[in-house]
Amino acid sequence: GKKAGRRQVVAFDPDMLGDERHRRFIERELRAALLMDELELHYQPVFGADMRVRSHEALLRWKHTVRGMIPPAQFIAIAEESDLIDKLGEWVLRRACADLETLRTPVAVNVSPAQLRRSDFARQLGLVVEEMGVDPGMLIVEVTETVPMVAGAVEQANLDAIRALGLKVAIDDFGAGHASLQYLRGFAFDIIKIDRTYIANLGDNRIDAMIVGAICDIARSLKVDVIAEGVETEAQLDMLRRAGCSAFQGYLLGRPAPLKRLAVADAA
Ligand code: C2E
Ligand code: CA
Ligand code: CA
Ligand code: CA
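Residues numbered from 1 in each chain as written. Chains lettered and ligands numbered in written order. Predicted model: local features only at pLDDT ≥ 70, side-chain atom pairs only at ≥ 80, totals over all residues. Heavy atoms only, no water.

1. Structural notes on the coordination of the calcium ion (ligand 2)
The following threshold applies: Note that water is not among the atoms considered, so a metal site may appear incomplete; the donors listed are N, O and S atoms within 2.8 Å of the metal, with 3.2 Å applied to Na, K and Ca. Starting at the N terminus, helices and strands are each numbered in turn, a helix being any DSSP run of H or I of at least four residues and a strand any DSSP run of E of at least two. Classification of residues uses two cut-offs on accessible area relative to the type maximum, computed with a 1.4 Å probe and protein chains only: under 20% is buried, over 50% is exposed, and between them is partly exposed.
For the calcium ion (ligand 2), the full set of protein donor atoms is Glu-57 (OE), Asn-110 (OD1), Glu-142 (OE) and Asp-172 (OD), at a range of 2.1 to 2.3 Å. Mapped onto the polypeptide sequence, the residues donating to the calcium ion (ligand 2) form the spacing pattern E-x52-N-x31-E-x29-D. Separating the calcium ion (ligand 2) from the calcium ion (ligand 3) is a gap of 4.0 Å, which Asp-172 spans by donating to each of them. Taken together, the residues span a long stretch of sequence, with Asn-110 in strand 4 (residues 107-111) and Asp-172 in strand 6 (residues 168-174) at a distance of 62 residues. Assessed through its relative accessible area of 30%, Asn-110 is described here as partly exposed. Given the relative accessible area of 5%, Asp-172 is considered buried.

Here's what the structure looks like:
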């Protein structure tokens, strides 16, 4: 179309991420994408111990008119450097709320540490949830552990307020950062998601198997749910079950897909 024609066409090179001109370019394109309907959510199912779908994780996708699909790893970090992350985050939340009716399971949305640092984040989130008229109990907020967050009073206040609204909080990528155990005592949460790097070597790395077992034990003691991410093989699933893991997510069980395709699959 006309708009696409006016855009610069440049080769996309992730090595250029540090480049200021590239950053500005992506930022400008992303603002346009929000207006031009180039964003969409894909949903990946999470399975319970009974192997039934118990929730879905919303994963952001950017279908650039000219350059095709751009993965979140290549634009979230740039969005985090400005207010763009708040706009993206609100777009994701509204879209996920709108899709709840079709999904008929709780939906998890990823929230960036940059969003959690805003003192009015939880209040804004509450307003959107109310405006969208959805049951807050159907929403899960996934937060990634970061070192500053453990100490951050604003982040903790936001997370407490989010739970007070009735949403659940999940710690994403658990074990991947430096502050996992501090995190556990830092604030109240509902779900631990074991980082997929621990799942990948479950078959041949005894230490990883022990760590996964220990995380499951901690989760049981704390009475929180634990989800294993990145489950790709039957062998991994088997070991996770034996370790006492209660929920599973990964390519073995279901890849992220647009709502349309999920709905078709469910109806079949
Ligand atoms: P994440 O939250 O840890 O999401 C899981 C990532 O692992 C997703 O990549 C998913 O497609 C991928 N994945 C799922 N199952 C498997 C598996 O079995 N094997 C492997 N190798 N990978 C698997 P994706 O969609 O590229 O997202 C990457 C990251 O981007 C996410 O990691 C999350 O941190 C971020 N992200 C995605 N959507 C959003 C969003 O709406 N907002 C924010 N702030 N961040 C987002
Ligand atoms: Ca996540
Ligand atoms: Ca994760
Ligand atoms: Ca992540």
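2. Quick look at the site of ligand 1
Cut-off, in case you're wondering: One heavy atom suffices: a residue is near a molecule or strand as soon as one of its heavy atoms comes within 4 Å of it. Counting of polar contacts relies on pairs of N or O atoms within 3.5 Å, with two restrictions inside protein: one atom must be capable of donating a hydrogen and the other of accepting it, and residues adjacent in sequence are counted only when both atoms are side-chain atoms. Areas reported as accessible are Shrake-Rupley estimates using a 1.4 Å probe. Residue values count occlusion only from the protein chains shown. When residue character is reported, Ala, Val, Leu, Ile, Met, Phe, Trp, Tyr, Cys and Pro are called nonpolar, Asp, Glu, Lys and Arg charged, and the others, Gly included, polar.
Around ligand 1 lies a shell of 20 residues, among which Arg-61, Asp-172, Arg-196, Glu-232 and Tyr-251 are the nearest. At 2.5 Å from a nitrogen atom of ligand 1 is found a side-chain nitrogen or oxygen belonging to Glu-232. Contact with the protein chains covers 83% of the free accessible surface of ligand 1, which is 810 Å². The set of elements that each furnish at least two residues to the shell around ligand 1 consists of strand 2 (53-64) and strand 6. Ranked by the residues each element gives to the shell around ligand 1, the list is headed by strand 2, at four residues. The residue inventory of the shell around ligand 1, partitioned by class, reads eight nonpolar, five polar and seven charged.

3. Re the environment of Arg-242
By secondary structure assignment, the location of Arg-242 is in helix 12 (residues 234-243). What makes Arg-242 exposed here is its relative accessible area of 66%. C-alpha separation for the pair Arg-242 and Gly-213, spaced 29 residues apart in sequence, amounts to 8.7 Å.

4. Digging into the packing of helix 11 (residues 206-222) against helix 12
Any two packed helices are characterised by how steeply their axes cross, that is the angle between the axes, and by the distance between the axes. Heads up, the rule is: To obtain each axis, a line is fitted to C-alpha atoms, and for helices this fit is confined to the stretch in contact; angles are then taken between N-to-C directions over 0 to 180 degrees. Working rule for angles: under 35 degrees goes down as roughly parallel, over 145 as roughly antiparallel, 65 to 115 as roughly perpendicular, anything else as oblique. Throughout, a crossing is termed right-handed when the near helix is turned clockwise from the far one, and left-handed when it is turned anticlockwise from it by less than a right angle. Here, two residues are considered to be in contact whenever any of their heavy atoms come within 4.5 Å of each other.
At a closest axis distance of 9 Å, the pairing of helix 11 and helix 12 adopts a crossing angle of 45°. When the interaxial angle is binned, helix 11 and helix 12 end up oblique. The interaxial crossing formed by helix 11 with helix 12 has right-handed handedness. When helix 11 is examined against helix 12, the residues Ala-209, Val-212, Gly-213, Cys-216 and Arg-220 are found in contact with a partner set consisting of Met-239, Leu-240 and Ala-243. The residue makeup of the contact of helix 11 with helix 12, split by class, is six nonpolar, one polar and one charged.

Spatial relationships are all this shows, so hold off on functional conclusions.
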